[in-house]
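Here are the chains, one letter per residue:
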Amino acid sequence: ADLTTQFLELPLKNPLMNASGVWCSVASQLEALAESAAGAMVSKSCTLQPRDGNPEPRYRVINGERTFGSINSMGLPNEGFAYYLRYAQRHDYEQKPLFMSISGLTLDDNLTMVDSLKDAVIPALLEVNLSCPNVPGKSQIGYDFDAMDTLLAEVSSGYQRPFGVKLPPYFDMAHFDEAAEILNRYPLVAFVTCINSIGNALVIDIDSETTLIKPKDGFGGLGGDYVLPTALANVNAFYRRCPEKTIIGCGGVKSGTEAFLHLLAGATLVQIGTSLYEEGPGIFPRVLDELAAIMDDKGYKTIADFRGKLKTIA
Ligand SMILES: O=C(O)c1[nH]c(=O)[nH]c(=O)c1I
C-alpha cells in the first residue's frame, strides 16, 4: 500500500503525526519527532510566556485488564512562544511539515504570537487551539461561539495566510451546525483538527476512594479508547459541513484500525495522543505497518481510494 498523502498541497510520506501536547514540549522531544517515522508533527500549545502548569499528579492512564485511555489536567505547561519559534526556525521542513500550536491566555496574546509567526516567514503551519479544558478559570473558546467568531476574524486579518483550529468535541447537531457555520465564514481557516480531549471528566480510584489526578478536584480531559466514537463523529461532522476545508483527525488512535477509521470518516491526517504518550515515537512505524496491512487486505492501493468514503445504511 502507498501511504503517501498531501496536506494543503504539501507532500507527506504518510498521514500520521502526534497530537499537540504529547511528546512535543521540549527540544529533545521535538527532535525525536522530527527523526521519527511520523509524516508530520506539531509542537505543544504555547502561551506568550512560559508556564509551569498545574500541580502533579496531572496525567494518568486509566487501566483495567489493559489501558482504556488517559485523563490529564496539565494546565498548559510550556516553554513559551519564543522557545517554539526558535525550534520552528531551525526545523528541517524537507524532512516533514511542522505545525505550531498556540493557545494564548488572552485574545491579545494570541494576536501577538500570530504577528510574530507571520513576521518569522517560516513554513510552519499554525494550529490555533480553541479547546484547552484545563486552565483553571478559563473556559474553552470552542464552546463560546461569539469568542470563536471574534478570534477567527482577528487571526484571519492579522495572519493573512492559511491556518487551522483545534476544536473541542461537540455532542449536539446544532453545535456542529453552528461551529461549521462560523468556520465556513473564514476561508483562511484551511484545516480543522477534531478532537481535543473530552473535557472535565472524573476518574476515581476505588481502593483509595480518591481522584486519579490532583488539579481541579480531579476533573480533566479524557483521551484514548473512550473518545474514539466521539472523535470519529466530529471528524465526519466537519468533513460533511466544511467541504472546502481539510480535516485532521485526533482521538482514540492506537493502531492501524483507528487510523483507517479516521481516514474513512474524512480525515486527511491522523494525530496520536494517549498511545504516543505511553509507547513513544516507535508507535509510528507500528501503526503505519498496520494501516498498510489493512489497506492491502481491502485492496486499497492509496489513501485516496477510501478517504472520506464512509458508507451509511440506505
Ligand atoms: O492541560 C493541557 O495543557 C491541555 N490538555 C488537553 O487535553 N488539551 C489541551 O489543549 C491542553 I493546552
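That block above? That's the structure.
To keep things clear, this report deals only with the structure shown in the data block. (Residues numbered from 1 in each chain as written. Predicted model: local features only at pLDDT ≥ 70, side-chain atom pairs only at ≥ 80, totals over all residues. Heavy atoms only, no water.)

Considering the sheet that holds strand β5 (residues 59-63)
Two orientations exist for strands paired in a sheet by backbone hydrogen bonds: parallel and antiparallel. As summarised here, the arrangement of the four strands in space is β5-β6-β14-β11, forming an open sheet in which the pairing is antiparallel. The open sheet is flanked by β5 and β11 (198-202), the only strands paired with a single partner. On average, adjacent strands in this sheet sit at an angle of 40 degrees to one another, irrespective of strand direction. As defined by bridge partners, β5 adjoins strand β6 (residues 67-72) across five bridges and the pair is classed as antiparallel. (Pairing = 2+ DSSP bridges. Helix = DSSP H or I, 4+ residues; strand = E, 2+ residues; numbered from the N terminus. Axes fitted to C-alpha atoms, helices over the stretch in contact; angles between N-to-C directions.)

Some remarks on the sheet that holds strand β8 (residues 125-129)
Pairing is parallel in the open sheet, where eight strands are placed in the order β3-β16-β15-β10-β9-β8-β7-β4. Bordering the open sheet on either side are β3 (16-18) and β4 (41-42), each of which pairs with just one other strand. In the sheet, β4 pairs with strand β7 (residues 98-102) via two bridges, with the strands oriented parallel. Within β7, the residue paired with Val42 across the bridge is Phe99. Across the face of the sheet, helix α6 (residues 228-241) comes into contact with β9 (163-167), β10 (189-194) and β15 (246-250) while running at roughly 175 degrees to β15. (Contact = heavy atoms within 4.5 Å.)

Thoughts on the site of the ligand
Surveying the vicinity of the ligand reveals 14 residues, the closest of which are Lys44, Asn72, Asn129, Asn196 and Ser197. Separating an oxygen atom of the ligand from a backbone N or O atom of Leu76 is a distance of 2.9 Å. In this structure, an oxygen atom belonging to the ligand sits 2.8 Å away from a side-chain N or O atom of Asn129. Expressed as a share of its isolated accessible area of 330 Å², the protein-covered part of the ligand is 91%. (Near = heavy atom within 4 Å. Polar contact = N/O pair within 3.5 Å; in protein donor to acceptor, adjacent residues only side chain to side chain. Areas by Shrake-Rupley, 256 points an atom, 1.4 Å probe, with all protein chains shown as cover.)

Comments concerning the environment of Ser103
Mapped onto the elements of the fold, Ser103 is located in the loop between β7 and α3 (107-120). Look at Ser103 and you get buried, because its relative accessible area is 6%. The spatial distance from the C-alpha of Ser103 to the C-alpha of Glu127 is 9.0 Å, given a sequence separation of 24 residues. Not counting residues up to four positions away in its chain, the partners in contact with Ser103 are Ser45, Cys46, Thr47, Leu76, Asn110, Met113, Asn129 and Cys132. (Buried < 20%, exposed > 50% of the residue type's maximum accessible area, 1.4 Å probe, protein only.)

Some details on helix α2 (residues 81-90)
For an α-helix, the turn length of 3.6 residues means that residues three or four places apart are oriented alike. Looking at α2, one finds that the buried residues are Phe81, Tyr84, Leu85, Tyr87 and Ala88. What you see down the axis of α2 is that its buried residues fit within an arc of 160 degrees, all on one side. In this structure, the buried residues of α2 make contact with α1 (27-35), β4, β7 and α3. (Arc of directions from axis to C-beta.)

Considering unusual backbone geometry
That bond from Glu56 to Pro57 is cis: its omega, 0 degrees, falls within 30 degrees of zero. Turning to its location among the elements, Pro57 is positioned in the loop between β4 and β5. Here Val121, not a glycine, exhibits a phi torsion of approximately 45 degrees, which is positive. Counting through the fold element by element, Val121 comes out in the loop between α3 and β8. Take Val121: its relative accessible area is 66%, and that puts it in the exposed class. Even without being glycine, Gln160 reaches a positive phi, approximately 55 degrees. Turning to its location among the elements, Gln160 is positioned in the loop between α4 (145-159) and β9.

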